Each structure stands twice: as C-alpha cells, then as structure tokens.
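Structure at a glance
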Amino acid sequence: MANEQSTGDSLPTKVAAAKPDPAGALTTDVGNGGELHQRDSGTPLTTNQGVPVSDNQNSLRASTRGPTLLEDFILREKITHFDHERIPERIVHARGTGVHGVFELTESLAQYTTAKILTEVGEKTEVFARFSTVAGGAGSVDTPRDVRGFAVKMYTKEGNWDLVGNNIPVFFIQDAIKFPDLIHSVKMEPDRGFPQAASAHDTFWDFISLSPESLHMIMWAMSDRTLPRSLRMIEGFGIHSFRLLDAQGKSTFVKFHWRPRLGLQSTLWDEAVKIAGADPDFHRRDMFENVSAGNFPEWDLAVQLFTEEDAAKFPFDHLDSTKLIPEELIPLKVIGKMTLNRWPNNFFAETEQVAFCPSHVPPGLDFSNDPLLHGRLHSYLDTQLSRLGGPNFHQIPINAAKVPVSNNQRDGHMQMSQPVGRVAYEPNSLMKDGPRESTRGFRSFASAENGTHARIRSETFADHYSQARMFFNSQTAPEQTHMAAALVFELSKVEHPHIRETMVSHLRRVDETLAQRVATGLGMKKLPDPFPTDTPAEDMPPSPALQIIGKMKDTLQGRAVGVLVSDGSDSALVNAITAAITKAGADFKIIAPHIGEVELSDQSCLKVDGQLAGTPSVMFDAVAIILSDDAAAKLLKEAAAIDFVRDAFGHLKAIAVDAGAKALLDKAGVQADAGVVDAGNAAGFITAAKTRQWDREPKVRNLP
Ligand code: HDE
C-alpha cells in the first residue's frame, strides 16, 4: 500500500509572531523562524504505525531548555528510518535514469518463436527502461567517457523479459570470470579512492594492456559512442546471441538492437568535460524535460536472425561477446517500437529499486552458450539479494510481473504476500487449484553438448584484432581522429611508461597509422614492437553502419538551441529565429545576462530560461546571439559571454549572429566560417545547425 505522506503541496504559512507555550499545550506550534504550521488542513501526518502526529517541529524535552527524552518514539522512528534510507548502490551502473513506456510489436516473429511479445502484432506491452553509466558511483556526473547501460524490463503476458544491454554491441572480455578484475581496474584505485567515473588511469590501462581480447571494445570506448549527446540518441544492444524457440523447439539465433528514431548523436570530449561542470545531471535532466514536455523518445527494436549453419560460416565466433555481426552480413529486421512516455513518480522506488536480470526471459526465448552471458545469468540475481536485501525483491512494485505469480516459494525478508492454506509444496493432492506445471511453460533448447570438460578458451575466440581493425576502418576521418585523441588523452594520464608502450604495441596490431598517431601524441621517440600474437588481424570489409557521423539524421528534431538575447535585442530577428527552431522540431532556451524577462526592441517581454553564467553554450546543439549594441558593448567585458561564443565555435556548432554579436565574436578571436550565419537568415541557420562544422575542427584544435 502506498505510504500516504504529505506531498508538501500545502506549505506552512509564515506569521509574524508565534508565541511559545511554556506548558507545551498543543494550541500553538513553535517552529524555526516562528513559522506557524497549519494543523488539520490536509492528510493527517502519522507515524509508520498510523498514529497521528501532533508536532513535527519539536522533539520531546524534559523542560523548555532541557534534555531531549529517549521516550520520544516519534523522533526515534523518524530518525531511524532516515538513517536507513540508503541501500547499497549497484557495483556497476550505479548512476542511472529510468523512464516508463510501451513496446508495440509491428512484425511478427511467429515463424521463429512462441513468445507472445514477439508474435502478437499491435499488442502494447508496458516497459521500464533504465540508462546508466558503468564506472561512476550513484552521485557521479552524467557525461564521463563511459559505456552506457540500456536495460529494458518488459512486463509481458508471459512474465517479465529483461533485455539488459549496453549502447555498444561488444564487450571488454570473453569470460565472466574476468569481470570483477575488469571492474576493479576501472573503479577508483583502492589506495587513493580516485579517480571517480574515469578510465584514464593506470589500473584500467594496465588491465587492458594485458587483456588483448578487450581491443575491439577499446576502439568503441575511445570513439564518440561513449560521449552521447542525449540518452534519447543512443543505440542499444543485447550484445550476446540469444535463441528463439518455436513450438517444436527449433532454435534460431537472435541478436537484439534498439535504434533511436532521433538518430545517433554525440558530444565532443572538450564539450563533455565542460558539461560535467555546468550540469552534472545533463542527461537525466534532458530526459526528464523531454518526457515531461511530451517529446517522447522512440526506438525501433530490430533483430538479426541466423541459424547454426549461418554461424558456422562467419569468420568469427558469435558466442564471443567481443565480436559483432556486421549488418552487411546479417541485415537488421525492424520488428517493433518502444516509446518512453512517463517519468517515474519516485526515483528511489522505481529507478533505484528496479532489478534487471538477463535470466528473466519468457517462454520462446532461450540463451546461447556465450560464456559471458552464462556468468551474467548468475550475477544479477545474486546482486539483487544484497542490494535489495533478500529474495522477495520481485514483489517491489517496479519489479513485479503484471501477470499472476503463483508458486510455493515462501517467507523470507520483507515477504509482502499472505498465502492461504496448508499446502506449500508440489505435487500435492490437498490443494486442487494450486499452482501446477504448464504445457505453455518455459522450455530450454535441447542441445547436445560434447567435448572436454575443462577450463578452456575456444580456439575460435583467439582473434582479438580483426574486428578492432574493421571498426577503426569503418569510421569517417573526424571519428578516427577523435579515437586517436581519446587514446592520447587517456594514456597521457597513465604514469607508467610500460603500460603506454604495451597499449601502442596493441594498436600496431589494429592499425599502424593509429598506432603512429597515438605514439606521436604521447611523445614516444620510437614505436614499440607489435604485441606478440599467433592470430594477427585479417582485413574485413568496412561496415559504415558502425559510424556516428555518417549515420547522423538530417534533422534538428529533439535537439536544443540556445538563444542569447539582452534588453533591446531586435524583436523581429528573435521571433523569426525562435519560430524557425520550433518549426524544425527543436527546443530553444532564452539566455540573457539576467534572469526574469528581457524587453525586446518592440517593447515586448520575453521570459528568460537561463542566466548567461549558468547556461553556457555547451548545453546546446547550436546557438543564436542577438544583442542590442549596448548589451554587446557590456558583454565584451564578460568572460561568460566570451566563453559562450568561443566554446560554441570550438565545439563546431552553428552560430547565428547579428551586428551586436559580431563584436563578441571578434573579441573571442572567432574567424567566421560557413557555420557562422547571419541571424536574418533563419533557414540557413537551421540547415547549418543540423550538423557540426567538421571542416572547422582542424582550425580550432591540434589533433593527433
Ligand atoms: Fe552487467 N551487471 N555484468 N553487463 N549490467 C550489473 O547487476 C555483470 C555486462 C548491464 O540499470 C549488475 O543489478 C557481469 C554486459 C547493465 O539496473 C551486476 C558481467 C552487459 C546493468 C552485473 C556483466 C551488461 C548491469 C550490477 C560479465 C551488456 C545495469 C547491478 C559477465 C550486455 C542494469 C545489477 C540497471 C548491471 C554483472 C557484463 C549490462 C553486478 C558479471 C556484457 C545495463 O549483476
């Protein structure tokens, strides 16, 4: 039952003078600052036992200025509950943002599976999605360079299905036994307790340099995929191969992909770093604001389907989670759409307490033999036991299936159900309508396993470099440059030269030009020898589907534009540009030197969304600057204004400028290019704002 407590909607009324009552009679309240707290005006405030509380401002004292009494059970209950408000945060993916939504199937997979969620076209299934960073704690920032978790709980008619994926289709390691080491290496170093939410330190790169299997994932991690512009603009991947089973038990392998309808988009590293300071909640706020405003993000669910025979022909092993199946080899088939449309009521109750387990699958799905997946099938259930305190976490509303749950499991910490009757076992003859096995129940694929029982890694898992090379070769030139720059940045933070050298020796196995660029960036005089391997990279055809820039949608939809104005700004220009932004499906925020309102040239008033110093240009995809001459002259002395312009330019954004703004550009040393557009040319500005000005990059940054 919901814990009915004051919502805080009826705030205490402030009065000039409240009189203390020495006798402690309940006619008058004495609160801090002499606030009179309205009694009997809303829902009664109670203890957790339902006892109404008369005074929530003063603890029980032996005398007016005397000691507080242990007898005060109301104080003790309130403080004790508060002391226990925190539960252990997730060991990985602690920082997350959750949203409710719905999944609708558009194409049936009835040919391959019995799972109703994949066969009933038009059926809408409630979902809860949680997006996360991996390495940082729950209070860390939203924009470190990190993989993003993409976990979706689907409350299907046949029980919950948790598709617990990431925004990258491969992983660092091939075997679950290595996972604690990987995570320990990336987390804060144990002797010093830093760095928080960062892979740029010795222990991470030490581990990676000694784990060649991680090289493909490292290519992704050093790409702009780990710097998403918005959680609404990331892809999601189930990574492992799963199985679909039809009514005869025939198996087809499947990989799951989420594709954002808004398209992929990333930030630049310098931008992500500055966003971390300007708004540590950048992604959570972006999701909250858009879902609250009705801009519901949508993803297509697509599958890659293949048989055992197809898999035997792949030049890699699909059971190895460091490998992906190029779309050019097995095309994606779109089968449905997810729309996220409802912000949770309560962060803790839902986003924090949601428990995902890859082992939660409905009948008609099953697992492949991926050894990483098998480790996960154990780990998630286990972690919930300590994080949520016991085996009844499935009863917490956000985790509860939307179909009846009936079995003979009993008791345990925080048991919420009250089973009736004397039977708690099966088979039984005493409870005729008790829970029984079902012919529609979950079945595992009948596989014939044979081979050596041993701690062994398959030969087919030995190639660590071919797909790393394929990924690098598939990128556009600016994306390759960003990867080189990311490697230089990260390895420059590594204190031990031998770790840097080992990493460059691995890069020589991936791509010689990349290795050379990174080595030069690290000030190395000569290249180390390539890392010894029996399995050097084979050239694979590039896969353009792995790009971000090449795949960017020609749209401003879902993006945000910052419009910097002042008192006296030209109203016609401001109105035309804001109308064009809205027409393009984007959002705009009005920024000004002061909060409140600005009075435009035609005396109309415009509400200000953000004060200049607190709303830097890194928060936006493009900016428009329309200033009166007076304001422009004043802002020439304002560092926040100069930074606004310099960063917008440095981050390759389109900038719309009027005459006043041009002075600001000059002061910032910005030499206008095609991305700097006259504010009178709203259409030209919108076109430029749909992409970054990639040609500008070599002019503003020395890249490796
Ligand atoms: Fe996880 N992972 N993981 N992981 N993972 C957890 O479970 C684990 C892996 C992923 O929003 C934990 O409830 C092992 C791959 C997401 O609540 C834990 C291995 C992928 C989330 C755990 C992996 C993921 C987690 C921590 C190697 C992408 C956040 C808290 C075998 C396919 C879910 C929790 C959320 C969370 C274990 C590798 C995705 C400890 C042992 C590969 C999105 O159980």
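Residues numbered from 1 in each chain as written. Predicted model: local features only at pLDDT ≥ 70, side-chain atom pairs only at ≥ 80, totals over all residues. Heavy atoms only, no water.

Each helix and strand in the protein was counted, giving 19 helices and 20 strands. Taken over the C-alpha trace, the protein has a radius of gyration of 29 Å; the compact-globule value for 704 residues is 27 Å, and the two agree within 12%. With the C-alpha coordinates of the protein rotated into their principal frame, the extents come out at 85 × 85 × 55 Å. Looking at the 704 residues of the protein, the share that counts as buried comes to 50%. Partitioning the contacts of the protein with sequence separation of at least 6, the portion at a separation of at least 24 is 72%. Of the roughly 33,800 Å² of accessible surface on the protein, 53% is carried by carbon and sulfur atoms. (Helix = DSSP H or I, 4+ residues; strand = E, 2+ residues; numbered from the N terminus. Rg over C-alpha atoms; globule rule 2.2 N^0.38 Å. Buried < 20%, exposed > 50% of the residue type's maximum accessible area, 1.4 Å probe, protein only. Contact = heavy atoms within 4.5 Å. Areas by Shrake-Rupley, 256 points an atom, 1.4 Å probe, with all protein chains shown as cover.)

Attention now moves to the site of the ligand. Taken together, 22 residues surround the ligand, and among them Arg90, Arg130, Ser379, Tyr380 and Gln384 come closest. In this structure, arginine 130 approaches the ligand through a side-chain N or O atom, which is 2.6 Å from an oxygen atom. At a separation of 2.7 Å, a nitrogen atom of the ligand approaches a polar side-chain atom of tyrosine 380. When residues of the shell around the ligand are traced back to their parent elements, those giving at least two are β5 (148-156), β6 (159-166) and α9 (371-387). Broken down by element, the shell around the ligand gets its largest block of residues, six residues, from α9. When its residues are assigned to classes, the shell around the ligand shows eleven nonpolar, eight polar and three charged. (Near = heavy atom within 4 Å. Polar contact = N/O pair within 3.5 Å; in protein donor to acceptor, adjacent residues only side chain to side chain. Nonpolar A, V, L, I, M, F, W, Y, C, P; charged D, E, K, R; others polar.)

A cluster of acidic residues, Asp567, Asp570, Glu599 and Asp602, forms a negative patch on the protein surface. In this structure, glutamate 599 sits in strand β15 (residues 597-599). (Patch = residues over 30% accessible without salt bridge, like charges linked within 9 Å, V, L, I, M, F, W, Y side chains within 5 Å. Salt bridge = Lys/Arg side-chain N within 4 Å of Asp/Glu carboxyl O. Lys, Arg positive; Asp, Glu negative; His and termini not counted. Charge placed at Lys NZ, Arg CZ, Asp CG, Glu CD.)

This brings us to the confidence of the model for the protein. Of all residues in the protein, 95% attain a pLDDT of 70 or more, and the chain-wide mean is 94. Within the model, pLDDT remains below 50 along residues 1-34, and this stretch shows 31 contacts once partners closer than five positions in the same chain are excluded. (pLDDT = per-residue confidence, 0-100.)

Looking at the iron atom of the ligand, one finds just one donor atom contributed by the protein, Tyr380 (OH), at 1.8 Å. For tyrosine 380, the location among the structural elements is in helix α9. (Donors = N, O, S within 2.8 Å, 3.2 Å for Na, K, Ca; no water.)

Within the fold, glycine 336 resides in strand β11 (residues 333-342). In this structure the C-alpha to C-alpha distance between glycine 336 and aspartate 300, which are 36 residues apart in sequence, comes to 5.7 Å. In this structure glycine 336 touches Phe103, Glu104, Leu105, Thr106, Trp299, Asp300 and Leu301, once residues within four positions along its chain are discounted.

On to helix α11 (residues 477-492). In an α-helix there are 3.6 residues to a turn, and that puts residues three or four apart on one side. Look at α11: 22 Å from first C-alpha to last across 16 residues, which is about the 22 Å you get at 1.5 Å a residue. Those residues of α11 lying buried are Glu479, Gln480, Thr481, His482, Met483, Ala484, Ala486, Leu487, Val488, Glu490 and Leu491. Contact partners of the buried residues in α11: α3 (202-209), α4 (215-221), α10 (466-474), α12 (497-510), α13 (512-521) and α19 (697-700). (Expected span 1.5 Å × (residues − 1).)

With that settled, the discussion passes to the packing of helix α2 (residues 179-186) against α3. Taken N-terminus to C-terminus, the directions of α2 and α3 make an angle of 145 degrees; their axes are 6 Å apart at the nearest point. On α3, the residues that touch Asp181, Leu182, Ser185 and Val186 of α2 are Thr203, Phe204, Phe207 and Ile208. Across the contact of α2 with α3, the residue classes break down as five nonpolar, two polar and one charged. (Axes fitted to C-alpha atoms, helices over the stretch in contact; angles between N-to-C directions.)

Once that is clear, we can look at the sheet that holds strand β19 (residues 655-657). Taken in spatial order, the six strands make up an open sheet running β17-β14-β13-β18-β19-β20, and their pairing is parallel. The two strands at the open ends of the sheet, each matched to only one other strand, are β17 (610-611) and β20 (676-678). One ladder, built from three bridges, connects β19 with β20; its direction is parallel. What sits directly across from isoleucine 655, in β20, is valine 676. (Pairing = 2+ DSSP bridges.)

With respect to the element layout, glutamate 189 can be found in the loop between α2 and α3. Look past the residues within four positions of glutamate 189 in its chain and what remains in contact with it is Phe194, Pro195, His201, Asp202 and Thr203.

Counting residues in hydrophobic clusters, the biggest one holds 58 residues, and the most contacted among them are Phe172, Leu182, Trp205, Ile208, Ile218, Met219 and Val518. For this core, the secondary-structure elements that each account for two or more residues are α2, α3, α4, α10, α11, α12 and α13. Mapped onto the domain boundaries, this core takes at least three residues apiece from domain 1 (96-172 + 212-218 + 225-395) and domain 2 (466-549). Not counting the four nearest positions on each side in its chain, leucine 182 is found in contact with Phe171, Phe172, Ile173, Phe204, Phe207 and Ile208. One finds Met154, Trp161, Phe242 and Phe256 within the second-largest nonpolar core, a separate group that totals 35 residues. (Core = buried A, V, L, I, M, F, W, Y, C linked by side-chain atoms within 4.5 Å. Domains from an automatic or database assignment.)

Moving on: the pairing of strand β18 (residues 622-625). Judged by which residues are buried, β18 turns out to be covered on both faces: Ala622 and Ala624 on one side and Val623 and Ile625 on the other are all buried. Bridge count between β18 and β19: three bridges; the pairing is parallel. Within β19, the residue paired with isoleucine 625 across the bridge is valine 657.

Another point: the domain arrangement of the protein. For the protein, the assigned domains read domain 1 (96-172 + 212-218 + 225-395), domain 2 (466-549) and domain 3 (556-700). With centres defined by C-alpha atoms, the gap from domain 1 to domain 3 works out at 36 Å. Taken together, the contact between domain 1 and domain 3 spans 18 residues of the former and 18 residues of the latter. It is Leu262, Leu268 and Glu271 in domain 1 that bury the most area against domain 3; as a group they hold 37% of the surface buried on that side. Summed over the shared surface of domain 1 and domain 3, the number is five salt bridges. In this structure, the salt-bridge partner of aspartate 621 is arginine 229, at a minimum N-O distance of 2.8 Å. Taken together, the links from domain 1 to domain 3 amount to ten residue pairs in polar contact (both at pLDDT 80 or more). (Buried area = accessible area lost by both parts, 1.4 Å probe.)

Within the fold, arginine 508 resides in helix α12. Within polar-contact distance, the side chain of arginine 508 engages the backbone oxygen of proline 528 at 2.8 Å. Apart from residues lying up to four places away in sequence, arginine 508 is in contact with Ala515, Leu527, Pro528, Asp529 and Pro530.

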